[in-house]
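Topology and contacts: notes
Chain by chain, the residues:
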Amino acid sequence: MNPALIVLFMFLAVVILFVLRTPVAFTLGTVGIVSLYLINGPRFLQMLPPSIIESMTSIILLAIPLFIFIGCILEKSGIADEIFEMIYKWLGPIPGGLAIGTVFICVVFAAMVGIVGAATVTMGLIALPAMLKRGYKPSLAIGCISGGGALGFLIPPSVTMIVYASLSNLSIGKMFLAGIIPGLLLASLFITYILIRSLINPELAPPIPVEERATWKEKWMSVKNLAMPFILIFSIMGTIFSGLATPTEAAAVGAVVAMVIVSLRSKSFKDTIGVVSNAAEKAAFLTSMVLWIIIGCLAFSAVVNTLGLPMLLKDLIDSIGLNRWSVLIAMQISFFLLGMVMDDLPIIMITVPIYVPLITLLGFNPLWFGILFIVNMQMAYLTPPFGFVLFYMKGVVPPNISMGDIYKSVWPFIGLQTLCLIIIMVFPEVVLWLPSLVGM
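The numbers attached to residues start from 1 for each chain and follow its sequence in the written order. Restriction of local features to residues with pLDDT of at least 70 applies here, the model being predicted, together with a cutoff of 80 or more for giving and counting side-chain atom pairs; totals for whole chains, interfaces and linings are based on all residues. Hydrogen atoms and water are omitted, and side-chain values are computed over all heavy atoms in the structure.

Per an unreviewed UniProt entry, the protein goes by DctM: TRAP C4-dicarboxylate transport system permease and derives from Desulfobacula toluolica. Regarding the protein, the UniProt comment filed under Subcellular location (unreviewed entry) reads as follows: "Cell inner membrane". UniProt positions are given in the numbering used here, feature names are shortened, and annotations may be inferred rather than shown by experiment.

Right, dumping it as structure tokens:
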């Protein structure tokens, strides 16, 4: 049978199983194993378990439960409350100040844990009521939290980056470095947009009343609230970029530092044990879900590799004379469309085995393409109707705010993410400069 036809049937089977609400791991695994059996017979299946065991025992993947554990611990640490208090005192007097500060806090949270849900839910519970109470329009308040929360994809350490790098054989350290400037660029676009809109229309995000504004002494005293977050960030990112530790080892250091922070902030040893045990249980559950999806992907990608699909696609592109940039743009559009109906992990599992080898054959830098992919996954988490951030926000907004209101609030920030994507495509140095400078 024609390899392209086989892959077409595989994708059709995946879509049908998704419609039937079959879990992602079992969907990809079932389609992959059945396809391998039909193509190569039962003897070829014996090669699959050793390949899966080798991948699952990789030290790279050990970083995933550790970063998830850090995120689970910090969700209830109270660090976000203290940073927001500082932001309230420093930026509250300017139009849009609380929204700008919310994006800043999301950047800090992203640099500590790299999990989108942690920043989105935390700021939804802390910053949203404060902004609404002071007359902020719900569209801007919800939009800045949603857009800022999604920065956890792009600003290292990012769990999605780890999964992507492990499946595409890229250095996690280089992926982390490559994401720093694009992440800060996107955060700057968010902040610039909020500031300009608030200055043009102060009623959209009014400054806090004069009687609530802090004195200079109170402002400088509040700066100490940044100490704990930056100690944690340095313990993770500093040890990686200084060459003292691999990303996995840095994740372990960060987990220890996070537990120390919680113990210092807890009222008793019993409270500390409670937070750590709850975080470990939640991290185990989330990690199991991620690893099962990776196992399913390995079975699915084994078929793609057996068929040599990337080379077949390259030959097809050459035969019909398609420009390689047209292929790249088509891939970005496919990411956007898939992101409207799927989570980031299934998209990674389905597209990486096909797209990454093809991109390499077309002469593009796979590290640069990886960051393009991550930006697309940010957009996927905001894009209606099934963006996960939208559902996180629905769980924390007041009852009078509908899902339609949440949908409307994110479109300006999706537009800014698209602008960031275009900038990165036109100027690859935005991604590649820092990794080349450090030489990891």
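Following the structure, the description resumes.
Quick notes on the packing of aromatic side chains
Each aromatic ring pair is characterised by the separation of its centres together with the angle its planes make. Stacked, tilted and edge-to-face are the three classes applied to pairs of Phe, Tyr and Trp rings, where Trp contributes its six-membered ring and a pair requires centres within 6.5 Å; stacked means planes under 30 degrees apart, edge-to-face means over 60, and tilted covers the rest. Applying the stated rule across the entire model yields 14 aromatic pairs. Both rings, one in W90 and one in W220, keep their centres 5.0 Å apart while their planes meet at 85°; by these two values the pair is edge-to-face. Linking W90 in helix α6 (residues 79-91) with W220 in helix α12 (residues 216-222), this pair joins segments that are 130 residues apart in sequence. Three labels apply to residues, based on accessible area from a 1.4 Å probe with only protein chains included: buried if under 20% of the type maximum, exposed if over 50%, partly exposed otherwise in between. Residue W220 is classed as exposed on the basis of its relative accessible area, which comes to 57%. Note on F364 and W368: the rings are 5.5 Å apart at their centroids and 35° apart in plane angle, and the pair reads as tilted. Note on F364: relative accessible area 6%, which makes it buried. Site record: aromatic cluster; members linked through ring pairs are Y164, F335, Y355, F369 and F373. A ring is considered to have a charge above it if a Lys NZ or an Arg CZ atom is located within 6 Å of its centre and within 35 degrees of its normal. Seen from the ring of W216, K219 lies directly overhead, with NZ or CZ sitting 4.3 Å from the centre. Only DSSP runs of H or I with at least four residues qualify as helices, and only runs of E with at least two residues qualify as strands; both kinds are numbered from the N terminus onward.

Regarding the side chain of T27
As for its placement among the helices and strands, T27 is situated in helix α2 (residues 24-40). For T27, a relative accessible area of 0% translates into the label buried. Sequence-distant contacts of T27, defined by excluding residues within four places in its chain, comprise V14, L17, F18 and T22. Note on contacts: a residue pair qualifies if any of its non-hydrogen atoms lie within 4.5 Å across the two residues.

Details of the layout of surface pockets
Any residue with an atom within 4 Å of a point lines the site, the site being either a cavity, points on a 1 Å grid over the protein atoms alone where a 1.4 Å probe fits but cannot get out, or a pocket, an open set with protein on both sides within 12 Å along at least 5 of 7 lines. Grid points are joined across faces, edges and corners, and a volume is the space filled by probe spheres set on the points. Reported here for the second largest pocket is a volume of approximately 460 Å³. Looking at the second largest pocket, it is lined by 20 residues, and the ones nearest its centre are S166, L167, S168, N169 and L298. With five residues, helix α15 (residues 269-307) is the single largest residue contributor to the lining of the second largest pocket. Put simply, Ala, Val, Leu, Ile, Met, Phe, Trp, Tyr, Cys and Pro go in the nonpolar bin, Asp, Glu, Lys and Arg in the charged bin, and everything else, Gly too, in the polar bin. Of the residues contributing to the lining of the second largest pocket, the split by class is 12 nonpolar, eight polar and no charged.

Considering helix α18 (residues 344-361)
Look at α18: 24 Å from first C-alpha to last across 18 residues, which is about the 26 Å you get at 1.5 Å a residue. The largest bend along α18 reaches roughly 55° and is located at V352, with the proline P353 sitting one to four residues downstream. Residue G363 follows α18 closely and has a positive phi angle near 95°. One fewer than the residue count of a helix, multiplied by 1.5 Å, yields its expected span. The quantity called bend is, for any residue, the angle between two axes fitted respectively to the seven residues ending at it and the seven beginning at it.

Some words on the packing of helix α17 (residues 324-339) against α18
Note on geometry: axes are C-alpha line fits, over the in-contact stretch for helices, and angles between N-to-C directions span 0 to 180 degrees. Between α17 and α18, the shortest axis-to-axis distance is 12 Å and the interhelical angle comes to 180°. Relative to α18, the element α17 is oriented roughly antiparallel. Where α17 approaches α18, its residues V327, L328, M331, S334, F335, L338 and G339 are matched on the opposing element by I347, T351, Y355, L358 and I359. Within the contact of α17 with α18, the residues separate by chemical class into nine nonpolar, three polar and no charged. Roughly parallel here means an angle under 35 degrees, roughly antiparallel means over 145, roughly perpendicular means 65 to 115, and every remaining angle is called oblique.

With respect to the environment of P95
Mapped onto the fold, P95 is located in the loop between α6 and α7 (97-113). The spacing of P95 and R197 is 102 residues in sequence and 9.1 Å in space, taken between C-alpha atoms. Ignoring anything within four residues of it in the chain, the contact list for P95 reads L195, S198, L199, A205 and P207.

Regarding helix α10 (residues 159-168)
Among the 10 residues of α10, eight are classified as buried, and the element is accordingly described as predominantly covered. Of all the positions in α10, only V159, T160, M161, I162, V163, Y164, A165 and S168 are classed as buried. N169 sits one or two residues past α10 and shows a positive phi near 60°.

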